Amino acid sequence: MLRKCLILMILALTACSTPEPRFGPDGQPLATVYRLKSGDEADVQFRMLDSINALRQASGARPVKLSSELTAAAKTHSRDMSVQNRPWHFGSDGSNPLDRASRVGYTGKLIGENISETFETELETLSAWMETPETREVILDPRAGDIGLSWYQEDSGKIWWTLVVGAPATGFQTNS
């Protein structure tokens, strides 16, 4: 009997500590804001890198590595999209992905740039990119060897993601 009472008490306390889901005017659950902290950069980038490489391996493509140059280009563009308040491939200065990769000293061949304006995590964003043929092709391109990933998060929680994919000038290089 004592055991049953303890189990009921634990269940009651657990139920009290679990917040009620909040719903919007449309009856749908309200999204929770995914907050990125300044110290999260390496963790987010490596989660994305590992996920992209798993997807590439499943498709028969070689793994990619993080490129500091392409990451710098991605970072600049994520912030600029926020300033412009629109997700598109042109910078406020008229630049395009090729211009931005060149400006940061990337000597390889640019394959493509995926962008997103969302409140979703990096892995949810990757999943959305994989659902669209054009962005999936950029991620799985067999010529790819380098990626750059960055984001800018507004105070509202909106995240501007940029993924830049390139082929190294010297051909494919491994992480070792």
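Residues numbered from 1 in each chain as written. Predicted model: local features only at pLDDT ≥ 70, side-chain atom pairs only at ≥ 80, totals over all residues. Heavy atoms only, no water.

The subject of this paragraph is the confidence of the model for the protein chain. Fine structural detail should not be taken from predicted coordinates in areas where pLDDT scores are low. On average, the protein chain scores 85 in pLDDT, and the residues at 70 or more come to 82%. Confidence drops under pLDDT 50 across residues 2–19; counting only partners more than four residues distant or on other chains, this segment forms 0 contacts. (pLDDT = per-residue confidence, 0-100. Contact = heavy atoms within 4.5 Å.)

So, about the environment of Glu-41. The residue Glu-41 is located in helix α2 (residues 41–59) in this model. Classification of Glu-41 by relative accessible area gives partly exposed; the value is 28%. The spatial distance from the C-alpha of Glu-41 to the C-alpha of Trp-151 is 9.1 Å, given a sequence separation of 110 residues. Discounting chain neighbours no more than four positions away, the residues touching Glu-41 are Lys-75 and Trp-151. (Helix = DSSP H or I, 4+ residues; strand = E, 2+ residues; numbered from the N terminus. Buried < 20%, exposed > 50% of the residue type's maximum accessible area, 1.4 Å probe, protein only.)

Our focus in this paragraph is the packing of helix α5 (residues 122–131) against helix α6 (residues 133–140). Running from amino to carboxyl end, α5 crosses α6 at an angle of 110°, the nearest separation of the two axes being 5 Å. Judged on the interaxial angle alone, α6 and α5 are roughly perpendicular. Packed against α5, whose contacting residues are Leu-126, Trp-129, Met-130 and Glu-131, the element α6 presents Pro-133, Thr-135, Arg-136, Ile-139 and Leu-140 at the interface. Residues belonging to the contact of α5 with α6 are distributed by class as follows: 6 nonpolar, 1 polar and 2 charged. (Axes fitted to C-alpha atoms, helices over the stretch in contact; angles between N-to-C directions. Parallel < 35°, antiparallel > 145°, perpendicular 65-115°, else oblique. Nonpolar A, V, L, I, M, F, W, Y, C, P; charged D, E, K, R; others polar.)

Moving on, we get to helix α3 (residues 68–84). With 17 residues, α3 extends 24 Å between its outermost C-alpha atoms, agreeing within 8% with the 24 Å of an ideal straight helix rising 1.5 Å per residue. Taken residue by residue, α3 has Leu-70, Thr-71, Ala-73, Ala-74, His-77, Ser-78, Asp-80, Met-81, Ser-82 and Gln-84 as its buried positions. Against the buried residues of α3 lie α2, β1 (65–66), α4 (97–103), β2 (109–118), β3 (146–153) and β4 (159–167). Count one or two residues on from α3 and you reach Asn-85, which has phi positive near 55°. (Expected span 1.5 Å × (residues − 1).)

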